[in-house]
Amino acid sequence: MQIFFSMEGKQLWARIKGELDLENADTFRQELEANLDHARPEVLVLDLTGVTFIDSSGLGVILGRYRRLKKEGGKLIIYRPQPQVRRLLELSGLGKIMTIMNENGEQIGEGFNNGWSAIRN
Amino acid sequence: MGGQQSGIKNKMILEFLSVPENVGLARVAVAAFAAQVDMKLNELEEIKVAVSEAVSNSIIHGYGGDPNGMVRVEVERNEEGLVITVEDKGKGIEDIALAMQPDYSSSPERMGLGFAFMQSFMDHLDVTSEVNQGTRVRMFKNIEKVVEK
Ligand SMILES: Nc1ncnc2c1ncn2[C@@H]1O[C@H](COP(=O)(O)OP(=O)(O)OP(=O)(O)O)[C@@H](O)[C@H]1O
Ligand SMILES: [Mg+2]
């Protein structure tokens, strides 16, 4: 697994490549935490375009960061999950509480934020 | 031959140390075994998740992160489908019914998704466990019959 971070305005983008499971859950969590501590973004965008596999260990890390951001008044957005990853996001219930977006900036999950405006504002 | 009589078409046994690196190894090996017969891509993804969850549970809960345990994965293909067994000799589960409830986790950091995923992605799931002896998870995945001409 690899993560490429970049700041775009007040959004911290994390472009993730590879598989998110127990093997790299600790690294995944630590890298996100360190970059959140440092950048203090309003929005964390997890770009899952390059994620080919996720299981409960990866989902757990995402939920933990969602909770942190929520507590700090921020937002977490899931961007472009592949179909099998999106299916697990939805089965786990995370799709209900988080915003999931496709490449056109359209919301595809059931989360209660609206489209790009959630990112841009 | 024995294999023929018992209806077993193929079988694989994998044993490995309870280290996180082996979660990926196990799911890829089982998926490759499963792919020997025509399987939908989606079904292979489901098998990967189920194996990943069971093996992760053995490592995380069964052995509590101790890397010196052994996890055993057995896969068998018969006429009907795949039988996948994941076994550890870890601490066991006190209350299996409780453990298998969706959303139940003994760890505050986790969501309790593992058994729920195994249940929804496999056609049958059966868990046996004994405290301080270990846990065995057996999963069955139907192979849809390809109609032969
Ligand atoms: N092999 C095992 N050995 C001992 N206890 C287990 C084992 N597998 C599962 N358990 C127990 O069953 C509970 C539920 O397991 P499940 O996989 O559903 O959730 P989890 O592992 O806690 O969370 P998640 O899978 O979402 O990371 C665990 O919290 C643990 O207490
Ligand atoms: Mg689990």
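Keep in mind that this is a model prediction, so the values were computed, not measured. (Residues numbered from 1 in each chain as written. Chains lettered and ligands numbered in written order. Predicted model: local features only at pLDDT ≥ 70, side-chain atom pairs only at ≥ 80, totals over all residues. Heavy atoms only, no water.)

1. Observations regarding the layout of surface pockets
Of the pockets and cavities examined, the largest pocket occupies roughly 640 Å³. What lines the largest pocket is a set of 34 residues, among which H61, I93, A99, S106 and F115 of chain B lie closest to the centre. Here the lining of the largest pocket takes eight residues from helix α3 (residues 41-62) of chain B, the largest share from any one element. Across the lining of the largest pocket, the residue classes break down as 13 nonpolar, 15 polar and six charged. Roughly 430 Å³ of internal volume is contained in the second largest pocket. Around the second largest pocket, the lining is made up of 22 residues, and of these R29, S57 and V61 of chain A together with E109 and R110 of chain B lie nearest the centre. For the lining of the second largest pocket, the secondary-structure elements that each account for two or more residues are α1 (22-39) and α2 (56-71) of chain A together with α3 of chain B. (1 Å grid on protein atoms, 1.4 Å probe; cavity = no way out; pocket = protein on both sides within 12 Å on 5 of 7 lines; lining within 4 Å. Points joined across faces, edges and corners; volume = space filled by probe spheres on them. Helix = DSSP H or I, 4+ residues; strand = E, 2+ residues; numbered from the N terminus. Nonpolar A, V, L, I, M, F, W, Y, C, P; charged D, E, K, R; others polar.)

2. Quick word on the interface of chain B and chain A
At the interface, 22 residues of chain B touch 19 residues of chain A. In this assembly, chain B packs against chain A so that about 1,700 Å² is buried in total across both faces, 60% of it on carbon and sulfur atoms. For chain B, the biggest contributors to the area lost against chain A are R27, M111 and F117 of chain B; these three give 29% of the whole. Taken together, the links from chain B to chain A amount to three salt bridges. E19 of chain A is paired through a salt bridge with R27 of chain B; the nearest N and O atoms lie 2.8 Å apart. Summed over the shared surface of chain B and chain A, the result is six residue pairs in polar contact (both at pLDDT 80 or more). A per-element tally of the side of chain B that touches chain A places α3 of chain B first, with ten residues. (Contact = heavy atoms within 4.5 Å. Buried area = accessible area lost by both parts, 1.4 Å probe. Salt bridge = Lys/Arg side-chain N within 4 Å of Asp/Glu carboxyl O. Polar contact = N/O pair within 3.5 Å; in protein donor to acceptor, adjacent residues only side chain to side chain.)

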